[in-house]
Every structure is written in C-alpha cells, then in structure tokens.
Amino acid sequence: MANPWQLYDDLVDALPANVAITDVQVSRFAMVRNELGGCGLALADRGGRREPRTPELWTGKDLRSVAALAKSWDFELAAIGVAAMNSWFNSADRVKGANADLVGDETDIFSQTAELIAGRKVAVVGHFAGLRHLAGVRDLVVLERDPIDDDLPDPACEYVLPDCDVVFITGTTVANKTLPRLLELSAAAHTVLVGPTTPFAPEVYGGRVAEIGGAWVADADFAAGLMSVGASMRTMKQVFTRFTARFAPLA
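Here's what I pulled together on the structure shown here. Small disclaimer: the values here were computed from a predicted structure and weren't measured.

## What to know about the overall build of the protein chain
- Within the protein chain, the regular secondary structure consists of 11 helices and 11 strands.
- Expected size for 251 residues packed as a compact globule is a radius of gyration near 18 Å; at 17 Å, the protein chain falls within 12% of this value.
- Dimensions along the principal axes, computed over C-alpha positions, put the protein chain at roughly 50 × 35 × 35 Å.
- Once local pairs closer than 6 in sequence are excluded, the contacts in the protein chain between residues at least 24 apart make up 63%.
- Surface summary for the protein chain: the accessible area is close to 11200 Å², and the carbon and sulfur share equals 51%.
- Separation of charge centres in the protein chain, based on 23 positive and 32 negative side chains, amounts to 2 Å.

## Comments concerning the pairing of strand E8 (residues 166–170)
- Counting buried positions along E8 yields 5 of 5 residues, so the element is predominantly enclosed.
- Here strand E5 (residues 121–125) pairs with E8 via 4 bridges, running parallel. Residue pairing in the sheet places Val-124 in a bridge with Phe-168 of E8.
- One ladder, built from 5 bridges, connects E8 with strand E9 (residues 190–194); its direction is parallel. By the bridge assignment, Val-166 is partnered in E9 with His-190.

## Quick word on helix H1 (residues 5–13)
- For H1, the set of buried residues is Leu-7, Tyr-8, Leu-11 and Val-12. Buried residues of H1, seen end-on, are gathered within an arc of 130° and therefore sit on one face of the element.
- Those residues of H1 hidden inside the fold are in contact with helix H2 (63–67), helix H3 (75–89), helix H7 (172–175), helix H8 (179–185) and helix H9 (202–205).

## Describing the state of the cysteines
- According to the stated counting rule, one finds 0 disulfides in the structure shown.
- The structure places no disulfide on Cys-164, whose sulfur is separated from the nearest cysteine sulfur, that of Cys-157, by 9.3 Å.
- What makes Cys-164 buried here is its relative accessible area of 4%.

## Remarks on the pattern of salt bridges
- The tally for this structure, following the rule as stated, stands at 11 salt bridges.
- Residue Arg-145 is joined to Asp-154 by a salt bridge in which the shortest nitrogen-to-oxygen separation is 2.9 Å.
- Using a relative accessible area of 43% as the deciding quantity, one classes Arg-145 as partly exposed.
- Looking at Asp-154, the relative accessible area reads 22%, which means it is partly exposed.
- The salt bridge involving Glu-158 is made with Arg-181; its shortest N-O contact spans 2.7 Å. One end of the pair, Glu-158, is in helix H6 (residues 157–160); the other, Arg-181, is in helix H8, with 23 residues separating them in the sequence.
- In this structure Glu-158 comes out as partly exposed when scored by relative accessible area, which is 40%.
- A relative accessible area of 30% places Arg-181 in the partly exposed class.
- Three or more residues are tied together by salt bridges with common partners; here these are Asp-23, Arg-33 and Asp-221.

Calculation rules
Residues numbered from 1 in each chain as written. Predicted model: local features only at pLDDT ≥ 70, side-chain atom pairs only at ≥ 80, totals over all residues. Heavy atoms only, no water. Helix = DSSP H or I, 4+ residues; strand = E, 2+ residues; numbered from the N terminus. Rg over C-alpha atoms; globule rule 2.2 N^0.38 Å. Contact = heavy atoms within 4.5 Å. Areas by Shrake-Rupley, 256 points an atom, 1.4 Å probe, with all protein chains shown as cover. Lys, Arg positive; Asp, Glu negative; His and termini not counted. Charge placed at Lys NZ, Arg CZ, Asp CG, Glu CD. Buried < 20%, exposed > 50% of the residue type's maximum accessible area, 1.4 Å probe, protein only. Pairing = 2+ DSSP bridges. Arc of directions from axis to C-beta. Disulfide = S-S within 2.5 Å. Salt bridge = Lys/Arg side-chain N within 4 Å of Asp/Glu carboxyl O.

Below, the structure written as structure tokens:
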C-alpha cells in the first residue's frame, strides 16, 4: 500500500496559505469558518483517542494548520480538520467551476444513480437513508462500523470491495483515516464519495473518484445557530445545498 498519509498531505497542500480561521464550533458536527467567508462542516465522530481541545485556541490560526488536524487519531479533532478543509473546498464557486457534469441539485445521489447501476454489484460504506432507492441492483452490500439489520461490519470491506462494480463511500472516512485503503480496495470500481463531510477536492483524488455527492453550506449564520443547540443531521440539512459532480461515466 502506498503512503496513506499522502492523501491528507495533498489535501492540506491544496488549500491556500495565510488564510485565518475565525470560528470553530463542535456539537454533533464540527463547523469551521475562515476569514474569506467560507464555512465548512463535518460530522463529528467521537471515536478514537481523546486529546485536550479548546476551540478558542484555533481562532486566528492558519487554515492549513487547522486542516492538518484531519491526521489526528482523536476523530473529533480530525472532524475539525476536515471541516476546515471544507471551509475552502466546499463552495458554490468551486463546485460550479469544476470540470464535471453537475447532476441534480438537491437530489439524493442514490435516486440519481439508481437506473445507471441497476443490475450491478454495489457496496455502500455507511448506512444512508437513500439506500431504499437501490432495490434494482443485482447485489447490495452495506458496510457499517455499527451494523444494523443486514449490514456487514466494516472490516468486511477487505473481502467485499474488490469484487464490486460500484462503491459508495461516506465522507466520514476522511476523518477516521479509512479512506486511503477504501480507495485502494475499490480501484476497479466506479467509486463515489458521499455526504456533506466529503471535501470537494477532485484535483487531489484524481482518477480514484468518479463522482462526489457532497454539499456546501448555503447559510453559515443559520448553521452556527443550529450548531449551538446540537442539531441533528436531519435538521442540519436545511443549511446545505447538495450536489452531485460526475467526473467519469459509468462503464
């Protein structure tokens, strides 16, 4: 396996230098705002080790240094790092300016792709509400850290992903450090990164990612207010504009 840290170093290096962080909040999500007006969110995973943290310490720090927290084994700190990345990567201008086919604003990625992937072997890393749209696939395997119903535990990725035609991967795998290996295991598949935690950085993923189904924050002040009361994912969806950016056709 190639150096798994390279993906994280490349994500940090793709960020602009000398941009200050102006606000950091953590509840069910991590939220980071920067001085250029960017706002990024990432689902806060409370797994991993626990390290001291005081959000005020990051205010005024350089965007790149806060984004480097994505390499922390304290996954909540790592979520702050990913949110910092998303405060730059996940913006309307970047998404609309990318060399990609934009498919269906505000539409669930699973419903968008259901007809295209019908009859194929599909794996989804992460349990999503939209899985109900995938009834037409030949074989569907859902892999989860905390399995429910017929889900497989995530170590099964080693055995399942190399044989799949299409693989959807939750963006939370950036913070928990499993993404580099998952991309390697899915090298032969049409691979899609999914969810608002996903950094929109196609220039970093290169040919390893065919689609990104992500989101940008449309109302940062509204997001901050919801964050302060620990809003759920369902509630936080109000602040997102979702998109699907397709970089390669399904073979």
